[in-house]
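Close look at the chain arrangement
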Amino acid sequence: MSADSADARAEAETAPTDELLFAVDAAGIARITLNRPKARNALTFAMYRGLVELCERIEADPAIKAVIITGAGDKAFAAGTDIAQFRSFTKPEDALGYERFMDRVLGGLERLRVPTIAAIAGACTGGGAAIAAACDMRIASRDARFGFPIARTLGNCLSQNTLRRLANLIGGPRVKDILFTARLVEADEALAIGLVNEVAEDAAAVAARAEALAALLATHAPLTLRATKEGLRRIAEEGATEAAEGERPGDDLILMTYMSEDFREGMEAFLGKRPPNFKGR
C-alpha cells in the first residue's frame, strides 16, 4: 500500500459522530474517543451501542493492529453512565436487559483480537471504569481517579462479569474495599495494586505514551497477541475447563500460532538476522 493510499484509507475510516469518534491511521492504530466533555464523557445508551458496532468493525478489519480508547478533554475518561437514562427503569426486564446489554458491550471489547489500551485522564468511574477494566492495558494521568461509588449514589450493583474482570485485576478483597467504601482510587494506588499499568504526568503525556505503546504493539506478531489475550480470557472466565478427548485447553490457540505463516516468517527472520514481516496469517 502506497503512502497516498494509506492516508486515503485512514481518512475514509474516520467516522465522527456527536458522541463517539472513531479513526484508523495508516499504521493500523484505531482510536475511539468518548466525546461528551461537557458531561465528563458520561455514556449514553447510544454511545454503548456505538461501541458494540465499532468492536464489530474492528474485528472485521485485518488491517487494524491496536486500539486506543480515550475521553475527550482532560477532565474525564468517562464519568459513568448518564444517570438520567435510568429514570425510565420500572420493570425487572429494564434492569436485567441493561446489564445483559452492558455484558455484550464490555464482552465485545474484552474479546477483540487486537490489543486495547485505555488512555485515562481525570475521572474514570462507573461505566467508564468498567470499559477501562475490559481493556488489555491502562495508562493513567496523575490526576486520574477510579471507582464505582454506587453504594453511596445509585444503589445498584455490578454484573458478575464486571466483578470478575475487576477481581482478576486487583483481587476480590480490594474490589470489596472499593465498592463497600464507595471511594475513588488515586493514580499512585491504582498503579501499586495493578489497576493500571503505567502513570503519566498529565493528559498530554498519557496520549503520547498510549500512541507509543500502540505503535510498538502494532509491530508485534498479531497471532501471538491474539492467542495470549484469548488464553488469559478463557482462564479468567472459565478456569480449567475440560477439552475434547485427546485435546487440552488452548490447543486451538497453540495450533493457530505454530501452524501460521507468521511463525515460519519469525523463524526465518530470526535466523536471517532481519526484522520479521508479520501479516497475521
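The following paragraphs examine the structure supplied in this document. (Residues numbered from 1 in each chain as written. Predicted model: local features only at pLDDT ≥ 70, side-chain atom pairs only at ≥ 80, totals over all residues. Heavy atoms only, no water.)

1. Topic: the packing of helix H3 (residues 92-110) against helix H4 (residues 127-134)
As a packed pair, H3 and H4 sit with axes 8 Å apart at the nearest point and diverge in direction by 30°. On the basis of the axis angle, H3 is roughly parallel to H4. When the axes of H3 and H4 are compared, the crossing they make is right-handed. Residues Leu106, Leu109 and Glu110 of H3 form the contact with H4, whose participating residues are Ala130, Ile131 and Ala134. Considering only residue class, the contact of H3 with H4 consists of 5 nonpolar, no polar and 1 charged. (Axes fitted to C-alpha atoms, helices over the stretch in contact; angles between N-to-C directions. Helix = DSSP H or I, 4+ residues; strand = E, 2+ residues; numbered from the N terminus. Parallel < 35°, antiparallel > 145°, perpendicular 65-115°, else oblique. Left-handed = near helix turned anticlockwise from the far one by under 90°. Contact = heavy atoms within 4.5 Å. Nonpolar A, V, L, I, M, F, W, Y, C, P; charged D, E, K, R; others polar.)

2. Section: the sheet that holds strand S8 (residues 145-147)
A sheet is described by the order of its strands in space; here 4 strands give the open sequence S4-S6-S8-S9, paired in mixed fashion. Looking at which strands have only one partner, the edges of the open sheet turn out to be strand S4 (76-79) and strand S9 (185-186). As defined by bridge partners, S4 adjoins strand S6 (residues 123-125) across 3 bridges and the pair is classed as parallel. Bridge pairing in S6 links Ala79 to Thr125. Across the sheet, H4 touches S4, S6 and S8, and the angle it forms with S6 is around 85°. (Pairing = 2+ DSSP bridges.)

3. Some remarks on the sheet that holds strand S10 (residues 198-200)
What the 6 strands build is an open sheet, ordered S1-S2-S3-S5-S7-S10; its pairing is mixed. Because the sheet does not close on itself, it has two edges, and the strands there are strand S1 (20-24) and S10. In this sheet, neighbouring strand axes are inclined to one another by 20° on average, regardless of whether the strands run parallel or antiparallel. Seen against the sheet, helix H2 (residues 45-60) touches S1, strand S2 (29-34) and strand S3 (66-71) and runs at an angle of roughly 15° to S1.

4. Focus: empty space enclosed by the protein
Within this structure, the stated rule accounts for 2 cavities of 30 Å³ or more. Estimated volume of the largest cavity: approximately 110 Å³. What lines the largest cavity is simply Ala129, Ala132, Ala133, Arg138, Phe146, Gly147, Phe148, Leu166, Ile170, Val175, Ile178 and Leu195. For the lining of the largest cavity, the secondary-structure elements that each account for two or more residues are H4, S8, helix H5 (160-170) and helix H6 (172-181). Here the lining of the largest cavity gets 3 residues from one element, more than from any other, and that element is H4. (1 Å grid on protein atoms, 1.4 Å probe; cavity = no way out; pocket = protein on both sides within 12 Å on 5 of 7 lines; lining within 4 Å. Points joined across faces, edges and corners; volume = space filled by probe spheres on them.)

5. Here we look at the environment of Ala123
Among the secondary structure elements, Ala123 is positioned in strand S6. Using a relative accessible area of 9% as the deciding quantity, one classes Ala123 as buried. Expressed as a C-alpha distance, the spacing of Ala123 and Arg145, which sit 22 residues apart in the sequence, is 5.0 Å. Excluding residues that lie within four positions of it along the chain, Ala123 makes contacts with Arg40, Lys75, Ala76, Phe77, Ala78 and Arg145. (Buried < 20%, exposed > 50% of the residue type's maximum accessible area, 1.4 Å probe, protein only.)

6. Quick word on the pattern of salt bridges
Applying the stated rule across the entire model yields 19 salt bridges. Two residues, Asp82 and Arg36, come together in a salt bridge whose shortest N-O distance is 3.2 Å. Taken together, the positions of Asp82 in the loop between S4 and H3 and Arg36 in the loop between S2 and H2 put the pair 46 residues apart, joining distant regions of the chain. The exposure class of Arg36 is buried, given its relative accessible area of 19%. Its salt-bridge partner being Arg183, residue Asp177 comes within 2.7 Å of it at the nearest N-O pair. With relative accessibility at 30%, the residue Asp177 sits in the partly exposed group. Classification of Arg183 by relative accessible area gives partly exposed; the value is 26%. Through salt bridges with shared partners, one network takes in Glu19, Arg36 and Asp82. (Salt bridge = Lys/Arg side-chain N within 4 Å of Asp/Glu carboxyl O.)

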